[in-house]
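Structure at a glance
Residue strings, one per chain:
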Amino acid sequence: MPETRDALTELVQAHVGTGRRMSTREFAAAAVDDESGWSPGKSLVAKIINGQNYTVTPALVSAVAVGLELPREIVAAAAHLQTIGYAATELASGAPATLIKTLDAPDGVGPRARAVADRWDAEA
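Every chain begins its residue count from 1, and numbering advances along the sequence as written. Thresholds applied to this predicted model are a pLDDT of at least 70 for local features of residues and 80 or more for the giving and counting of side-chain atom pairs; totals over whole chains, interfaces and linings are not thresholded and use all residues. By convention in this description, side-chain values take in all heavy atoms of the structure and omit both hydrogens and water.

In most cases, non-glycine residues show a negative phi, while peptide bonds are predominantly trans. The phi angle at Glu69 is positive, at roughly 55°, despite the residue not being glycine. Summarising the element assignment, Glu69 is placed in the loop between α4 (58-68) and α5 (72-83). By relative accessible area, Glu69 is classed as exposed at 58%. A run of H or I in DSSP counts as a helix once it spans at least four residues, and a run of E counts as a strand once it spans at least two, with each numbered from the N terminus. A simple rule labels every residue: compare its accessible area, found with a 1.4 Å probe on the protein chains alone, to the largest value its type can have, and call it buried under 20%, exposed over 50%, or partly exposed in between.

Below, the structure written as C-alpha cells:
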C-alpha cells in the first residue's frame, strides 16, 4: 500500500501564513506559473495552509515551485505523495527522498534544510 501524506500542504504551510516567511498575499503574488502565467488567489492559498480540500493541477505545482523557490520536481513529488502516494522503495532516493528529508527537517524548509536535503540526495 502506498504511503501518502499531505506533503504539498505541509510544504506551503512551512513557508506561508502568520509568522512565516510570506503572507498569503505575498505568496499569491510571487507564485506564478512560468508557462501559463496562472497564479493561485489568496483564497486558494488560504485553503492550502488551512488544510482544506483543493485540486492539485500542473499549474498549481509550477506556481508553488516558483513561489517557494524550490525545484519543480520537489513540489511535484509533494503533489504526487499527497494525491497518489509512493511505495516505500520509491521514497529511498531522488525527489521523493529529498522531499521527505526536507519536510522532516527540524527547522522547516529554509535554505539550510534544502542544502542538507540536496546533499543527502546527491550522496544516495
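Our next topic: the packing of α5 against helix α6 (residues 94-103). What counts as an axis is a line fitted to C-alpha atoms, over the stretch in contact for a helix, and the angles between N-to-C directions run from 0 to 180 degrees. Relative to each other, α5 and α6 sit at 85°, their axes nearing to 8 Å. It follows that α5 is roughly perpendicular to α6 by the angle criterion. Where α5 abuts α6, its residues Glu73, Ile74, Ala77, Ala78 and Leu81 lie against Ala95, Pro96, Thr98, Leu99 and Ile100. Residue polarity follows a fixed list, in which Ala, Val, Leu, Ile, Met, Phe, Trp, Tyr, Cys and Pro are nonpolar, Asp, Glu, Lys and Arg are charged, and the others, Gly among them, are polar. Residue composition of the contact of α5 with α6, by class: eight nonpolar, one polar and one charged. With respect to orientation, any angle under 35 degrees is reported as roughly parallel, any angle over 145 as roughly antiparallel, any angle of 65 to 115 as roughly perpendicular, and every other angle as oblique. Contact criterion: two residues are considered in contact whenever any of their non-hydrogen atoms come within 4.5 Å of each other.

Orientation of α4 relative to α5, taken along the N-to-C sense of each, is 130°, at an axis distance of 8 Å. Classified by the angle between their axes, α4 and α5 sit oblique to one another. For α4 against α5, the interelement crossing comes out right-handed. Where α4 approaches α5, its residues Pro58, Val61, Ser62, Val64 and Ala65 are matched on the opposing element by Arg72, Val75, Ala76 and Ala79. By residue class, the composition of the contact of α4 with α5 is seven nonpolar, one polar and one charged. Left-handed is the label given to a crossing in which the near helix is rotated counterclockwise from the far helix by less than a right angle, and right-handed is the label when the rotation is clockwise.

For helix α3 (residues 42-49), the set of buried residues is Leu44, Val45, Ile48 and Ile49. One side of α3 carries all its buried residues, which in axial view fall inside an arc of 135°. Where the residues of α3 are buried, they touch α1 (7-13), α2 (24-30) and α4. Note on α3: the residue one or two positions beyond its end, Gly51, has a positive phi of about 70°. Directions are taken from the helix axis to each C-beta atom, and the arc is the one they span.

Here Gln82 lies in helix α5. Counting of polar contacts relies on pairs of N or O atoms within 3.5 Å, with two restrictions inside protein: one atom must be capable of donating a hydrogen and the other of accepting it, and residues adjacent in sequence are counted only when both atoms are side-chain atoms. Engagement of the side chain of Gln82 in a polar contact is seen with the backbone nitrogen of Leu8, the distance being 3.0 Å. Discounting chain neighbours no more than four positions away, the residues touching Gln82 are Arg5, Asp6, Ala7, Leu8, Thr9 and Tyr54.

Another point: the confidence of the model for the protein. Per-residue confidence for the protein gives a mean pLDDT of 84; residues scoring 70 or more make up 82%. Values of pLDDT, the confidence the predictor places in each residue, fall between 0 and 100. Within the protein, helix α7 (residues 111-123) has the poorest average pLDDT of any element, 57, and α4 the best, 96.

By nonpolar core is meant a set of buried Ala, Val, Leu, Ile, Met, Phe, Trp, Tyr and Cys residues that side-chain atoms within 4.5 Å join together. In terms of nonpolar packing, the biggest core is built from 32 residues, with Leu8, Leu11, Phe27, Val64, Leu68, Val75 and Leu99 touching the most fellow members. Sorting the residues of this core by element identifies α1, α2, α3, α4, α5 and α6 as the ones contributing at least two each. When sequence neighbours within four positions are dropped, the list of residues in contact with Leu8 reads Tyr54, Val56, Leu60, Val64, Val75, Ala78, Ala79 and Gln82.

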